[in-house]
Amino acid sequence: MSKIRNDIRFFIGAYIYVRSEARIVRFSGESEYLYIMKQAWKKVVVKVGTNVLTRENGSLDMTAISQLVDQLAELKQMGLQVVLVSSGAVGAGRELLPEADALDPVVRRQMLSSIGQIRLMEVYRQLFRGHNLLCGQVLATKEDFRDRTHYLNMRNCLAALLHDSIIPIVNENDVISVTELMFTDNDELASLITSMLSADALIILSNVDGLLTGPPDQPGAVRIPEVDAHDESVLTYIAPGKSSFGRGGMATKLRMAQRTARLGANVVLANGRRVGILPAICQGEQVGTRIPGQQKVSSVKKWLAHQSGAAARLVINAGAVRALRDSERVSSLLPVGVTAIEGDFAKGDLLRITDEAGQVVGTGLAQYDSETARQLLGQQNTKPIIHYDYLVVH
C-alpha cells in the first residue's frame, strides 16, 4: 500500500480509477486519501421506467434507449451478469397506433402492449447487436410468481439466459395481465426478479436523482444519499402521485426497494437520464439513493415474502407475536400460540398469520392440514404449524 502511495501523485479534486477483476481503487485529494472498494456485485437487475425511455408525448426516445444499451454493454464488459426489467411496450404501441386511446382502458392497454412489445424488442435487438450481444424476452404475470412450479421454471430459464453474450429483458405480460393478475408496476416485478435470482443489487432508474426531501421542482429539495431498509419515516418526503405514463411513483419504488433490501440485495434509486449512471453506480460512485441490503435469506423465504394470496388465516396471541418478531432467536409457529384458524388448508398451502387485531404478522407454508391443526390448537410440545424455514415475518 505504501508503495502505491509513493508511486502516485495526488491532485486536488482529481479521481483516478484503476479497475481490475478483484477491485476498484480510487485516489483523491492532497491528503493522499485512498479508497478501496471490493467489487462484490456479480449479478445486477436494472429496472428502467417508462419516463426514462419515452419522450414527453409518450413515444420512444431512441437516444435514451441507445444510451441505456451502451451502459448495459459496459456492465457486461465489467464482468457482471445483467437482467433488464424494461417498461415502454405500451408507449411503443401508442406511437404505432395513437387512435387506440379512444378504446376501453383495459382493451387499450392490451392492444398497445401486444403491438408495442414487438417494436420495443426489435429496438433492443438491433442496439444490442451493435455490441455483439443477444437479448432474450421474458414476459411474466403475477400468477407466475404465486405458483411455485411456474416460479422455479422461470428462475431456471433466466439462469440459463444469463450467459456471457445474453441479456434477459423482462416485462409484464400486459396482454393477459388485468385486475388481480397485474403487478403494482414494474418496480414490483423487478423486486421479484431480484429476489428470484438472488441478485446482488437492484438498480431502479427513473427521471429523478433518487429520493429527495421534497418534489424535484421544489426549491431546497436535496437528494437523500442513503436510507435504511426498515426506515418508514422517509415516506413523509414523498408526495402522492405517479409518473406521467407509468403506473407507479416514488412511494411504490421506495416500498419495493426497502422490501428487496430486507431480503438481502443492495438497491439504488437513480436518474436514468444521467449519462453513464449505471457504470458509475457499479463503480461505487455516490449517486442516487442507496438502500443497503440486509442479511440474505433463503430462496424459499424470498418467494414467500412476495406472496399476497393465502389458503387460510391463522390468528395468534400476543406471546406468539413477540416470539416471531424477536430478532435474537429463531422461532417457528407452534399450535400453542394459535387462537383461531379461519379457512381450510392442506399441507404445503400458503397461510397468512395475523395478530388478534387483524394486523398481518407473517406468511408461511403449512406443515400439516387444517384438520390436524385444529386438533392440536393450543397444545404444547407439538410439531410447528409453520416451521421457521418456511416462515417470513413482516
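These remarks concern the structure in this document. Being a predicted model, the structure only gives us computed values, none of them experimental.

**What about the overall build of the chain?**
So, point 1. A tally of regular secondary structure across the chain gives 13 helices and 15 strands.
So, point 2. Taking all 394 residues of the chain together, 49% fall into the buried category.
So, point 3. A sequence separation of at least 24 residues applies to 69% of the contacts in the chain between residues at least 6 apart.
So, point 4. Of the accessible surface of the chain, which amounts to about 18,800 Å², a share of 50% is contributed by carbon and sulfur atoms.

**Comments concerning the sheet that holds strand β13 (residues 350-354)**
So, point 1. The strand order β12-β11-β13-β14-β15 describes an open sheet built from five strands, whose pairing is mixed. Every interior strand has two partners, whereas the edge strands, β12 (338-342) and β15 (391-393), have only one. The mean inter-strand angle of the sheet, taken between neighbouring strand axes irrespective of direction, is 20°.
So, point 2. In this structure, β13 lies alongside strand β14 (residues 360-365), joined through five bridges in antiparallel fashion. By the bridge assignment for β14, Thr354 is matched with Val360.

**A look at the side chain of Asp187**
So, point 1. Along the polypeptide, Asp187 turns up in helix α8 (residues 186-196).
So, point 2. For Asp187, a relative accessible area of 0% gives the class buried.
So, point 3. The contacts of Asp187, once residues within four sequence positions are left out, are Lys47, Ile204, Thr252, Lys253 and Met256.

Here is what the cut-offs are and how they apply
- Residues numbered from 1 in each chain as written.
- Predicted model: local features only at pLDDT ≥ 70, side-chain atom pairs only at ≥ 80, totals over all residues.
- Heavy atoms only, no water.
- Helix = DSSP H or I, 4+ residues; strand = E, 2+ residues; numbered from the N terminus.
- Buried < 20%, exposed > 50% of the residue type's maximum accessible area, 1.4 Å probe, protein only.
- Contact = heavy atoms within 4.5 Å.
- Areas by Shrake-Rupley, 256 points an atom, 1.4 Å probe, with all protein chains shown as cover.
- Pairing = 2+ DSSP bridges.
- Axes fitted to C-alpha atoms, helices over the stretch in contact; angles between N-to-C directions.

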